[in-house]
Amino acid sequence: MDAIALTDVSKSYGDTLAVDGLDLTVEVGRTVALLGPNGAGKSTSINMLLGLTRPTRGRVEVFGGSPGEAVARGDVGAMLQTGDLIPELTVRELVDFVRRLYPEPLGLDELLRMADLTDLARRPAGKLSGGQAQRVRFALAVAGAPRLLMLDEPTAAMDVESRLRFWKSMREYAAGGRTVLFATHYLEEADENSDRVVVIARGRIVADGTAAQIKAGSGDRVVRFVLGGQAVAGLDALPGVSAVEVADDVATLRTADPDATVAALYRGTSLEIRDLRIAGADLEDAFLALTREP
Ligand SMILES: Nc1ncnc2c1ncn2[C@@H]1O[C@H](COP(=O)(O)OP(=O)(O)OP(=O)(O)O)[C@@H](O)[C@H]1O
C-alpha cells in the first residue's frame, strides 16, 4: 500500500487553479521533496493530504483511506508554515503535553534529543528564536511517532547551522521505514535530503525523479568560457542557446545543443575563446528551466 496517493487532484480557489490535475503516489518509507517556486501549489497539496482542505476534483488517499482517518489514527504528523506555541509553557512541558495526547508517543528525552532541544528544555516557548521554535514544532510533529511526516518549508526561519541540524534530525526520524514528504524551494535541501524530488510549477508536476535524474533530464548543457575582457553581444542568438549570463569575466551559455553552439561560437563569432568547458546543467539550471513561466 502506498503512503500517499493523489489521483487527478485539482483545487481551485475562485479563479485561481492552485493544483491542476496532480497524480502522485509515494511508497511507504520514502523521503520525497516537493520542490517548486512560490505559489506552485505545494502548501495546497499538503493541506489536502492532511484533510485541512478538500480537493475540487480527484481523489486523495493516505495509507489507503481518507486523510481524516489517517490523521485520527495518529498516523500523520505535520509541521506547517505557521502555528503558535503556548508561550508560558517550557519547551519540556509543551513537548510532554503534546506527546501525552498520543497512544504510543516517543519518549520525552528522545524527542528533546532528536529535535536538539535538550539544552533549551527549561526555556519558556515564548522566549525562543524563530529557528528554535521551528525545532519545537518538529518535536511536536513527531511526538506521536507518526508513520507519515509532512513538513511545509520547515527550515524557512533557520540559519545555515540550524538547517543542517534540522535535516540530520529529519533523516534520523525517516530512518527505519517512515515516510516523509517535505515542501521546499531550496534546491540543495531537496537534493541532499530526499530520495526523490517532485518538481511542481503552476499546480502541475513538471519533473519527478532523483535529483540526478532531474539534472540529466533537463537535457540542457552549460557552455562556459573565459572572456579575457572581450565585449560580448549576440551570444543569445547562437543555435541552441536559451540563456546567457556574463559574470566575473566568464560567459555561461545554457544550450540544448552544445555541439552546434560551440561550432557557431568558433565559426560565427570573432571572439577568442579561452578555457571552454561544457558541463551538465546543475539542479538549479534544471529547476529554472522546468519552472520557467511559458
Ligand atoms: N486559501 C486560499 N485562497 C485563495 N487562494 C489561495 C489560497 N491558498 C492558496 N491560494 C493560491 O493558490 C496558489 C498556490 O498556493 P500554495 O500556497 O499552495 O503554493 P506554494 O507552492 O505552497 O507556495 P509558497 O512556496 O509561496 O508557500 C497561489 O496562487 C495562492 O495564491
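Position labels on residues start from 1 in each chain and follow its written sequence. Local features in this predicted model are restricted to residues whose pLDDT is 70 or higher, and side-chain atom pairs enter the listing and the counts only when it is 80 or higher, whereas totals over whole chains, interfaces and linings include all residues. The side-chain quantities take in all heavy atoms of the structure and omit both hydrogens and water.

Asker: Account for the overall build of the protein, naming residues and giving values.
Answerer: Each helix corresponds to a stretch of at least 4 residues labelled H or I by DSSP, and each strand to a stretch of at least 2 residues labelled E; elements are numbered beginning at the N terminus. Along the protein, the regular secondary structure elements total 10 helices and 13 strands. Of the contacts made within the protein by residues no fewer than 6 positions apart, 67% connect residues no fewer than 24 positions apart. Total accessible area on the protein is roughly 14,300 Å²; 48% of this is exposed by carbon and sulfur atoms. By the counting scheme adopted, Arg and Lys are positive, Glu and Asp are negative, and His together with the chain ends is not counted. Note on charges: their place is set at NZ of Lys, CZ of Arg, CG of Asp or CD of Glu. Considering the protein, the positive charge centre built from 33 side chains and the negative charge centre built from 42 side chains are found 4 Å apart. Only heavy atoms enter the contact rule, under which two residues are in contact if any of them lie within 4.5 Å. Accessibility throughout is a Shrake-Rupley quantity obtained with a 1.4 Å probe, and a residue counts as covered only by protein chains that appear here.

Asker: Can you explain the packing of aromatic side chains? Please cite residues and give values.
Answerer: Classification of ring pairs rests on two measures: the distance between centres of Phe, Tyr or Trp rings, Trp counted by its six-membered ring, which must be within 6.5 Å, and the angle between planes, read as stacked under 30 degrees, edge-to-face over 60 and tilted in between. Under the defined criterion, the tally for this structure stands at three aromatic pairs. Their ring planes at 80° and their centres at 5.1 Å tell us that phenylalanine 166 and tryptophan 167 sit as a pair that is edge-to-face. Both residues of the pair, phenylalanine 166 and tryptophan 167, belong to the buried class. Aromatic pair tryptophan 167 and phenylalanine 182: ring centres 4.6 Å apart, planes at 50°, arrangement tilted. Taken together, the positions of tryptophan 167 in helix H6 (residues 160-174) and phenylalanine 182 in strand S7 (residues 179-184) put the pair 15 residues apart, joining distant regions of the chain. Assigned by exposure class, tryptophan 167 and phenylalanine 182 land together as buried. An aromatic cluster is defined as three or more aromatic residues linked by ring pairs; in this entry it consists of Phe138, Phe166, Trp167 and Phe182. In this scheme, a residue with accessible area under 20% of its type's maximum is buried, one over 50% is exposed, and one in between is partly exposed, where area comes from a 1.4 Å probe on protein chains only.

Asker: Break down the sheet that holds strand S13 (residues 274-280) for me, with residues and values.
Answerer: Here the rule is simple: two strands pair whenever DSSP picks up at least two bridges between them. Read across the open sheet, the four strands follow the order S11-S12-S10-S13; overall the sheet is antiparallel. A single partner strand is all that each edge strand has here, and the edge strands are strand S11 (241-247) and S13. Pairs of neighbouring strands in the sheet enclose a mean axial angle of 15°, with direction left out of account. Note that strand S10 (residues 221-226) and strand S12 (residues 250-255) share six bridges and pair antiparallel. Within the sheet, the bridge partner assigned to arginine 224 lies in S12 and is threonine 252. What counts as an axis is a line fitted to C-alpha atoms, over the stretch in contact for a helix, and the angles between N-to-C directions run from 0 to 180 degrees.

Asker: How would you summarise the site of the ligand if you had to cite specific residues and measurements?
Answerer: Taken together, 14 residues are adjacent to the ligand, and Gly39, Lys42, Ser43, Thr44 and Glu153 come closest. Polar contacts, as used here, are pairs of N or O atoms within 3.5 Å; protein pairs need one atom able to donate a hydrogen and one able to accept it. Residues neighboring in sequence count only if both atoms are side-chain atoms. Taking asparagine 38, its side chain carries an N or O atom lying 2.9 Å from an oxygen atom of the ligand. Contacts to the ligand include threonine 44, whose side-chain N or O atom sits 2.5 Å from an oxygen atom. Here the ligand loses 61% of its free accessible area of 640 Å² to cover by the protein chains. Definition of nearness: a residue and a molecule or strand are near each other if at least one heavy atom of the residue lies within 4 Å of the molecule or strand.

Asker: Before we move on, can you summarise a nonpolar patch on the surface with the specific residues and values?
Answerer: Taken together, Ile86, Phe97 and Leu101 make up a surface patch of nonpolar side chains, about 290 Å² in accessible area. In this structure, isoleucine 86 sits in the loop between strand S5 (76-79) and helix H3 (91-99). Judged by its relative accessible area of 35%, isoleucine 86 falls in the partly exposed class. Patches here are clusters of residues that have more than 30% relative accessible area and form no salt bridge, with a 9 Å joining cutoff for like charges and a 5 Å cutoff for nonpolar side chains (Val, Leu, Ile, Met, Phe, Trp, Tyr). Here, a salt bridge means any Lys or Arg side-chain nitrogen found within 4 Å of an Asp or Glu carboxyl oxygen.

Asker: Account for unusual backbone geometry, naming residues and giving values.
Answerer: One non-glycine residue, arginine 202, adopts positive backbone phi at about 50°. With respect to the helices and strands, the residue arginine 202 is situated in the loop between strand S8 (196-201) and strand S9 (204-209). When its relative accessible area of 36% is taken as the criterion, arginine 202 is described as partly exposed. Although it is not a glycine, aspartate 249 adopts a positive phi angle of roughly 65°. Look at aspartate 249 and you get partly exposed, because its relative accessible area is 34%.

Asker: Give a description of the side chain of aspartate 96 that names residues and reports values.
Answerer: Mapped onto the elements, aspartate 96 comes out in helix H3. At a separation of 2.7 Å, a polar atom in the side chain of aspartate 96 contacts the side chain of arginine 99. Of note is the side chain of aspartate 96, whose polar atom sits 3.1 Å from the side chain of arginine 100.

All quantities given are derived from atomic positions and should not be read as evidence of function.
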